[in-house]
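Here is how the chains run, residue by residue.
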Amino acid sequence: MQADYDNDGNMDILVLRGAWLGQAGRQVNSLLHNDGHGHFRDVTFDAGLGNVHYPSPTAAWADYDNDGYLDLYVGTEGFPSQLFHNNGNGTFTDVAEAAGVQNGGIAKGVTWGDYDGDRFPDLYVSNLGGHNRLYHNNRNGTFSDVAPQLGVTRPFKSFAAWFWDFNNDGALDIFVASFERRVQDIAADYLGLPVFETEPNCLYQGDGKGGFREVAAEQNLTRLADVMGANFGDLDNDGYPDFYLGTGYPEYEALMPNLLFHNLRGKGFANVTAAAGVGHLQKGHGVTFADLDNDGDQDLYVVLGGAYAGDGYWNALFENPGFGNHWLTLKLEGKQSNRCAIGARIRAEIRENGVRRSVYKWVNSGGSFGANPLRQQIGLGKAAKIDVLEIFWPTSNQTQRFRDVAVDQFLQITEGQSEFRKLPWKTAHFRHNFGPN
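Owing to the predicted nature of the structure, the values given are computational and were not obtained by experimental measurement.

Nonpolar side chains collect at one region of the surface, where Leu292, Tyr301, Val303 and Leu317 lie side by side and expose about 310 Å² of accessible area between them. On the accessibility criterion, leucine 292 (45% relative accessible area) is partly exposed.

Before going further, it helps to spend a moment on the sheet that holds strand β17 (residues 227–233). Across the sheet, which stays open at both edges, the four strands sit in the order β17-β18-β19-β20 with antiparallel pairing between neighbours. If you trace the sheet from one side to the other, it starts and ends with β17 and β20 (269–271), each paired once. Going from strand to strand, the sheet's axes swing by 20° on average, the running direction of each strand aside. Sheet topology note: the β17/strand β18 (residues 242–247) ladder contains five bridges and is antiparallel. Its bridge partner being in β18, alanine 230 is matched across the sheet by leucine 245.

A side chain of one charge can pair with a side chain of the opposite charge when the charged atoms of the two come close. Going through the model one piece at a time under the given rule, you end up with 24 salt bridges. The salt bridge involving glutamate 180 is made with lysine 157; its shortest N-O contact spans 3.3 Å. In this pair, glutamate 180 is assigned in the loop between β14 (173–178) and α3 (183–191) and lysine 157 in the loop between α2 (147–150) and β13 (158–164), connecting sequence segments 23 residues apart. One salt bridge connects arginine 347 with glutamate 390, and the closest N-O pair in it is separated by 3.1 Å. Within this pair, whereas arginine 347 is found in strand β25 (residues 345–352), its partner glutamate 390 is found in strand β28 (residues 385–393), the two being separated by 43 residues in sequence. In terms of burial, arginine 347 and glutamate 390 fall into one category: buried. Among the charged side chains, a salt-bridge network with shared partners connects Arg347, Glu349, Arg356, Lys385, Asp387, Glu390, Arg401 and Asp404.

Now for the pairing of β28. With eight of nine residues buried, β28 is to be regarded as a mostly interior element. Here β25 pairs with β28 via six bridges, running antiparallel. From the neighbouring strand, arginine 345 faces β28, where its bridge partner is phenylalanine 392. Note that β28 and strand β29 (residues 398–406) share eight bridges and pair antiparallel. For isoleucine 386, the partnering residue across the bridge sits in β29 and is valine 405. Taking the residues between adjacent antiparallel strands as the criterion, β28 and β29 are bridged by four residues, where asparagine 397 takes a positive phi near 60°.

What counts and how
Residues numbered from 1 in each chain as written. Predicted model: local features only at pLDDT ≥ 70, side-chain atom pairs only at ≥ 80, totals over all residues. Heavy atoms only, no water. Patch = residues over 30% accessible without salt bridge, like charges linked within 9 Å, V, L, I, M, F, W, Y side chains within 5 Å. Areas by Shrake-Rupley, 256 points an atom, 1.4 Å probe, with all protein chains shown as cover. Salt bridge = Lys/Arg side-chain N within 4 Å of Asp/Glu carboxyl O. Buried < 20%, exposed > 50% of the residue type's maximum accessible area, 1.4 Å probe, protein only. Pairing = 2+ DSSP bridges. Helix = DSSP H or I, 4+ residues; strand = E, 2+ residues; numbered from the N terminus. Axes fitted to C-alpha atoms, helices over the stretch in contact; angles between N-to-C directions.

In structure tokens, the structure reads:
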């Protein structure tokens, strides 16, 4: 997971270790500090992240107290999860117990999002074999688990999770993937036969006021999948996020197509796996949506292969051919807010075919098993320009507005500055035919 934890303008890297291994998984994670000159240094112990270590499959960054420095939540398997508060001097202190977020379950996905719009990010934890948790930020350094009262505890066996706004209504929603490890139920689902144990994935639609409603079935998300790696992005630049599920589990038997779902403008999802040609049978782990060639559309990178040596495979990079829609890519830079702008909110007001609508984005790296770039690409459909572009910075509680912004360009916007800067990024080209050299 990437983040500029010390606000020096250079992206640092967190490497997690020990998942699935029980006591043998008590291995030290690595925080790699970027010196800005092409070198990284392991500062895990210097930063205070290595004193106690547990099996750690998942983590997420956010500035939960709005002090301008990114904090870190590490989800662990069967041990107390950790909330590392950023002290602002390059070090961290684990405050999970005092904050009330130790969880204690087998965490498989964690994600931050301000679901009730009070500027302070809340925390969702997906547990394998236990109720999921939604820790509401009490804005005083503590959190309260409100998942039972809000009805967002399922699936009972779950994995990847994320906050997003799938229907562009300005309110954060939650997707949680099921992980039952039953290939027979997956096969039965494909054949239209009865399914006995596997729970479907859950999609919780937020109302922006702190409430949720489970809408997976009405959004046509009934396809079963044993989900491991997963992430979301806007593959056709229509302004509505699509998502990709990497499937499988460690046993050799668990070969099933990875799945791509296209968002039908917030009115449902279509399984376009076969049409898109991305239904890879190998086991899918980390998933990234990223415009890797700077041509204005997001490509799809998938880490593939199983846990055993005989189940290994090469990773896959699917190039996006483009769908003719407009876009805008933003690199945000915080000043009072954290430097890499995690938690900032974006709204683009556009007019498409005579109809006015808004596209919403929250700055994060996507799902909990994969990491998208922190620069945000906004799909604009057929809109010829952006009428109003808004950036809300949670720490300073300020909103920047820019009017009549041109489409199909890369921009940098710095917190508090009245002008944006156009970035001179050039389109690259993938090599499709590899010769002997």
